[in-house]
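The residues making up each chain are set out below.
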Amino acid sequence: MAQVDGTTGQATTAAKALRAALQPATGATPPERLWALTRLAEIEERRGEHAAAEAAFKSALDLDLTDGYLLAAYSDFLLDRGRPREVLALLKDKTRSDLLLLRLALAAKVLGDPALKAWEADLAARFDAARLRGDTVHQKEEARFALGVQGQPARALPLAQQNFAVQLEPADARVLLEAALAARQPAAAQPALKWMSDSKIESLAL
């Protein structure tokens, strides 16, 4: 219920509900706590409560459970805060995951890190292979790659549009908005704008 409230104009209520569910007396298991803490962090970040978001992310990481979604979400948080070196440290041994390699490449791009060249080539090959398989699961990530690593907004925009046609999460809306702006085609962002209005989502970034 908190996950729904968090994207339908009731973010404060959602955060309070998750905090209540995380109290020790609820008996939540470590995997359940990791899930709840990650969602709490995302909601707090969208609300602009960055200190609370980081505290939730760190509490989730302290559970010491391997979770690619958590690592990707916290890496995005760090990138948005202008802390790419921390992303490189966090993900240094995580190059097997497409999601995490993308965050490494985005951080390396900002820093001008020499590892970028190899990571960019690796990601390009992985996305090409996925396309040959007919796999469209990672279109959002490929759009971010085209936009943030390769600097190709004209290629990123159709990927973001195709992704948003089937994936309606805040991150999907964001990549469509960013690609439309970068490609200087603001009208292409209309589906995301309509979704934002209809859902009443609260998000400073959006």
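Residues numbered from 1 in each chain as written. Predicted model: local features only at pLDDT ≥ 70, side-chain atom pairs only at ≥ 80, totals over all residues. Heavy atoms only, no water.

Novice: So what about the overall build of the chain? Which residues, and what values?
Specialist: Summing up its helical and strand segments, the chain has 12 helices and zero strands in all. The helix and strand sequence of the chain, counted from the amino end, reads α-α-α-α-α-α-α-α-α-α-α-α. Taken over the C-alpha trace, the chain has a radius of gyration of 17 Å; the compact-globule value for 206 residues is 17 Å, and the two agree within 12%. Reported as C-alpha extents along the three principal axes, the dimensions of the chain are approximately 50 × 40 × 30 Å. Out of the 206 residues belonging to the chain, those deemed buried represent 42%. (Helix = DSSP H or I, 4+ residues; strand = E, 2+ residues; numbered from the N terminus. Rg over C-alpha atoms; globule rule 2.2 N^0.38 Å. Buried < 20%, exposed > 50% of the residue type's maximum accessible area, 1.4 Å probe, protein only.)

Novice: Can you lay out the packing of helix α7 (residues 98–111) against helix α8 (residues 116–132) for me, pointing to particular residues and giving the numbers?
Specialist: Contact geometry for α7 and α8: axes closest at 9 Å, N-to-C directions at 145°. At the point where α7 passes α8, the crossing takes the left-handed sense. On α8, the residues touching D98, L101, L102, L104, A105, A108 and K109 of α7 are L116, W119, D122, L123 and R126. Each residue belonging to the contact of α7 with α8 can be placed in one class, and the counts come to eight nonpolar, no polar and four charged. (Axes fitted to C-alpha atoms, helices over the stretch in contact; angles between N-to-C directions. Left-handed = near helix turned anticlockwise from the far one by under 90°. Contact = heavy atoms within 4.5 Å. Nonpolar A, V, L, I, M, F, W, Y, C, P; charged D, E, K, R; others polar.)

Novice: Help me get a handle on the pattern of salt bridges, residues and values and all.
Specialist: Across all of its chains, the model carries 18 salt bridges by this definition. In this structure, R83 engages E86 in a salt bridge whose closest nitrogen and oxygen atoms are separated by 2.7 Å. Exposure remark for R83: the relative accessible area of 21% places this residue in the partly exposed category. In this structure, a network of salt bridges that share partners links the residues E54, K58, R83 and E86. (Salt bridge = Lys/Arg side-chain N within 4 Å of Asp/Glu carboxyl O.)

Novice: How would you summarise the side chain of R103 if you had to cite specific residues and measurements?
Specialist: Residue position: R103 is located in helix α7. If near-sequence neighbours (up to four positions away) are discounted, R103 is found in contact with A72, S75, D76, L79, V87, L91, E141 and R144.

Novice: An account of the nonpolar core is requested, with residue identities and associated values reported.
Specialist: One broad trend across soluble globular proteins is that nonpolar side chains are buried collectively. Membership of the largest hydrophobic core comes to 41 residues, with the highest contact counts inside it found for F57, W119, L123 and V149. Going through the elements one at a time, α2 (11–21), α3 (30–47), α4 (50–62), α5 (68–80), α6 (84–90), α7, α8 and α9 (139–149) are the ones with two or more residues in this core. Setting aside chain neighbours within four positions, we find V149 in contact with L102, A105, L106, K109, L116, E120 and R144. Counting 21 residues, the second-largest nonpolar core is a separate cluster that includes F164, A180, A188 and W195. (Core = buried A, V, L, I, M, F, W, Y, C linked by side-chain atoms within 4.5 Å.)

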